[in-house]
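Residue-level structure breakdown
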Amino acid sequence: MAVIHEIIAHYNHWIIIFLMVSGLYIVVARGNMIKKLVGLGLFQTSVYLLYLSPGKILGGTPPILSPDYSVYSNPLPHVLILTAIVVGIATIAVGLALVVRIHEAFGTIEEDEIFAEDEDE
Amino acid sequence: MIAANLPALQVVVPLLGAVICAFLRRGAVAWAITLVVCLVMPAIASTLLAQVLTSGPISYALGGWRPPIGIEYRVDVLSAFILLLVSVIAAIMLPYAKRSIEQEIPADKHTWYYAIFLLCLCGLLGMAISGDAFNIFVFMEVSSLATYALISMGKDRRALLAAYQYLVMGTIGATFYVIGVGFLYSMTGTLNLADMASRLAGIENSRPVLAALAFLTVGISLKLALFPLHVWLPNAYAFAPSVATAFLAATATKVAVYLLLRYFFTVFGASVIFAHLPTTEVFLLLSVAAMFGASIVAVFQENVKRMLAYSSVAQIGYITLGIAIANQAGLTGGIVHLFNHALMKGALFLAIGAVVYQTGVVKISDMAGLGKRMPLMMGAFLVGGLSLIGVPGTVGFISKWYLVYGALEQDWWWLAILIVASSLISVVYIGRVVEVVWFRQASGPVKRATDPPASMLLPTLLLAAMTVYFGIDTSATAGVAGLAADWLLAGIR
């Protein structure tokens, strides 16, 4: 019983691990370059949750000083993740731009077709 | 006023330069602005190093917020050494860049090239100077995103594929780094590296901290192209514009090695890393595998840039070997090889860049007879090649001397033999090029080739001359590297 309670109490970590591993799996298993980027985005997003979930304190309020409250949630993870989201958007944007150029140059975005074409050169 | 703000200027000046370049339309003007930035950088870096050597580490509170609350820029012997390395290489290569870029990149993209180059420089310098774990991540991504764009500007369409592959692997590496930092943050509640180190005392062996160490090690190893996480590197170096390859090969992986040193020795501490964990065994194995595996693959390459790229993977093996040996001599060898490898690989890639500029040739078999046509450039190539092998009188010998010395101090005589044996493989791949270049008759486009104009010739010859100079007078390089090694091993936090 204690074990099950332990597992349920850490449900946020299970969600994070599930998202993280499925994102990485998509990156490795898919040959389509857009799908790979989707997996990469999922992988990065799971890390946002890894930062945000420990920042929340049960019963805590947003960190605005007030005599009525004494328990505050940690705001720093939100600030960090705001930066990380921007970085993530930039990464995906550069990745998508590269895929557009690859499509122009090779006529396909499937990795196996591109490598087959590459062998012929 | 300016003297007190030098650490911030080191990062802000290239960032401003990048913004200005992005708004320009004429490549020559962007080049001139980049040149000014690149000449200011070594001046700042050498001033910082001199200050650190006379009066100890500099702590700079960014925006006036005191660490550990605010972001701290921290300059110590090692980071000042890396700052100087990156900025000197950038300054030497920039005059070369102008002609090479004019030929390899369409005219409407010249300003973008310089803007992105400056962003890359800003990110690399930021990684080396920042004392804040998350700030380092941001700079890592600034430099990585800029690197992807630089690589994709190569003429060959396969440059796009190389950039895409690097983007996927580089992002996974950076995300692993953030996961590691996230664990450390949730355990210590701080992002300042010095503060983190003191708060880690007592919980070093708890599971989240060890998980953080694992994620950080894998993430940073992807960035520094530790064997077998190097697969992005050969294509990226082979298809990027010549001068971008030379700059990245000389600097980007070095800054990642610096991060690894920083986390291993100053955050976790040598006692945690080496006493209870199999770090030594893992890094010894991977380094030796890189030294042999990548060198053997290099022997069979047809494209000379790819050959040098695989050789880079092997040379990174020597640097991480210094970390694995982890005594004063070994660590000195690893750190001094950061600098030495940057000099010789820079000279080699610039020499090849000039061959591409004059003839368009990248295959080794097509380079026949170049020795007579481009004697100065091929002479620089020869010096760089001899240094890769580790011939006495070149910088490569100095690094390997310290590494062998460190290995013998640990009583690992077999490792000393392996270091020498792996050097012999580089005799084969360098010898192959030398044979084709100097002892065969010229044919095809090579026949009309000559040494390139002075703006390309002088930077290459300067790097080659430095390869020899610092191979004879080691007091500056090995001296500072030795100080940095002492400092790392003392575990000063």
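Residues numbered from 1 in each chain as written. Chains lettered and ligands numbered in written order. Predicted model: local features only at pLDDT ≥ 70, side-chain atom pairs only at ≥ 80, totals over all residues.

Some words on the overall build of chain B
Helices and strands together make up the secondary structure of chain B, namely 19 helices and two strands. Here the C-alpha atoms of chain B give a radius of gyration of 21 Å, agreeing with the 23 Å that 2.2 N^0.38 yields for 493 residues. The dimensions of chain B, computed from C-alpha atoms along their principal axes, are 70 × 55 × 40 Å. A total of 493 residues make up chain B; the buried ones form 63% of that total. (Helix = DSSP H or I, 4+ residues; strand = E, 2+ residues; numbered from the N terminus. Rg over C-alpha atoms; globule rule 2.2 N^0.38 Å. Buried ≥ 20, exposed ≤ 12 C-beta atoms within 10 Å, placed from the backbone.)

With respect to the overall build of chain A
Summing up its helical and strand segments, chain A has five helices and zero strands in all. The helix and strand sequence of chain A, counted from the amino end, reads α-α-α-α-α. Relative to a compact globule of 121 residues, whose C-alpha radius of gyration would be 14 Å, chain A shows 21 Å and is clearly more extended. For chain A, the spread of C-alpha atoms along the principal axes amounts to about 70 × 40 × 10 Å. The 121 residues of chain A split such that 23% are buried. Expressed as a percentage of contacts within chain A between residues at least 6 apart in sequence, the contacts between residues at least 24 apart total 44%. (Contact = placed C-beta atoms within 7 Å.)

Some details on the nonpolar core
All names here are of chain B. Of all hydrophobic cores here, the largest spans 230 residues; its most connected members are I151 and A351. At 22 residues, the largest contribution of residues to this core is made by helix α10 (residues 242–275). Both domains that meet at this core, namely domain 1 (1–277) and domain 2 (281–493), each give it at least three residues. What A351 contacts, discounting residues up to four positions off in sequence, is M377, M378, A380, F381, G384 and T460. (Core = buried A, V, L, I, M, F, W, Y, C linked by C-beta atoms within 7 Å. Domains from an automatic or database assignment.)

Considering the interface of chain A and chain B
Of the residues lining the interface, 26 residues belong to chain A; the matching set on chain B comes to 21 residues. Those elements giving two or more residues to the side of chain A that touches chain B turn out to be α3 (33–55), α4 (76–106) and α5 (111–120) of chain A. Residues that form the side of chain A that touches chain B fall into these classes: 19 nonpolar, four polar and three charged. (Nonpolar A, V, L, I, M, F, W, Y, C, P; charged D, E, K, R; others polar.)

Some words on the pairing of strand β2 (residues 72–75) of chain B
Residues and elements named next belong to chain B. The alternating pattern of β2 places E72 and R74 on one face and Y73 and V75 on the opposite face, and all of these are buried. Bridge count for strand β1 (residues 58–61) against β2 is four bridges, and the pairing is antiparallel. Opposite Y60, over in β2, you have Y73 as the bridge partner. (Pairing = 2+ DSSP bridges.)

So, the packing of helix α3 (residues 77–104) of chain B against helix α18 (residues 454–472) of chain B
Residues and elements named next belong to chain B. Here α3 crosses α18 at 145°, and the two axes come no closer than 8 Å. Where α3 crosses over α18, the two elements pack in a sense that is left-handed. Here I92, M93, P95, Y96, K98, R99 and S100 of α3 come into contact with α18, specifically with S455, M456, P459, L462 and L463. (Axes fitted to C-alpha atoms, helices over the stretch in contact; angles between N-to-C directions. Left-handed = near helix turned anticlockwise from the far one by under 90°.)

Here's the deal with the environment of B:V427
Its location among the elements puts B:V427 in helix α17 (residues 413–439). Taking the C-alpha atoms as reference points, B:V427 and B:T320, 107 residues apart in sequence, are found 21 Å from one another.

Points about the confidence of the model for chain B
All names here are of chain B. In the predicted model, chain B carries a mean pLDDT of 88, and the fraction of residues at 70 or more is 99%. By mean pLDDT, the top-scoring element of chain B is helix α5 (residues 133–152) (93), and the lowest-scoring one is helix α14 (residues 370–373) (82). Under the prediction, the complex receives an ipTM of 0.93, its pTM being 0.92. (pLDDT = per-residue confidence, 0-100.)

Quick look at the environment of B:F183
Locating B:F183 in the fold gives a position in helix α6 (residues 158–188). Expressed as a C-alpha distance, the spacing of B:F183 and B:V209, which sit 26 residues apart in the sequence, is 6.7 Å.

Brief notes about α5(B)
Look at α5(B): 29 Å from first C-alpha to last across 20 residues, which is about the 28 Å you get at 1.5 Å a residue. Extensive coverage of α5(B) is indicated by the burial of 20 of its 20 residues. (Expected span 1.5 Å × (residues − 1).)

Focus: the packing of helix α1 (residues 6–23) of chain B against helix α4 (residues 110–129) of chain B
All names here are of chain B. Contact pair α1 / α4: the axes reach a minimum separation of 8 Å and the direction vectors enclose 165°. On the basis of the axis angle, α1 is roughly antiparallel to α4. At the point where α1 passes α4, the crossing takes the left-handed sense. Facing α1, whose interface residues are P7, Q10, V11, P14, L15, G17, A18, C21 and A22, α4 presents T111, Y114, A115, L118, L119, L121, C122, L125, G126 and I129. When its residues are assigned to classes, the contact of α1 with α4 shows 15 nonpolar, four polar and no charged. (Parallel < 35°, antiparallel > 145°, perpendicular 65-115°, else oblique.)

Some points on the domain arrangement of chain B
Residue and element names in this part refer to chain B. Each domain of chain B was delimited in the assignment, giving domain 1 (1–277) and domain 2 (281–493). A C-alpha centroid distance of 22 Å is found between domain 1 and domain 2. Counting residues at the interface gives 44 residues for domain 1, matched by 43 residues for domain 2. Those elements that place two or more of their residues in the side of domain 1 that touches domain 2 are α3, α7 (193–200), α9 (233–239) and α10. Of the residues forming the side of domain 1 that touches domain 2, the biggest block, 18 residues, is contributed by α10.

With respect to α4(B)
Between the first and last C-alpha of α4(B) there are 29 Å, a value that for 20 residues agrees with the 28 Å anticipated at 1.5 Å per step. Burial analysis of α4(B) places 19 of its 20 residues in the buried class, which makes it a mostly covered element.

As for unusual backbone geometry
Residues and elements named next belong to chain B. For the bond running from F227 to P228, omega is 0°, close enough to zero to count as cis. Structurally, P228 can be placed in the loop between α8 (207–224) and α9. Positioned with a positive phi, A326 is a non-glycine residue whose angle comes to about 55°. Relative to the helices and strands, A326 resides in the loop between α12 (304–325) and α13 (328–359). Of note, D411 is a non-glycine position whose phi angle comes to about 65°, a positive value. Considering the arrangement of structural elements, one finds D411 in the loop between α16 (395–409) and α17.

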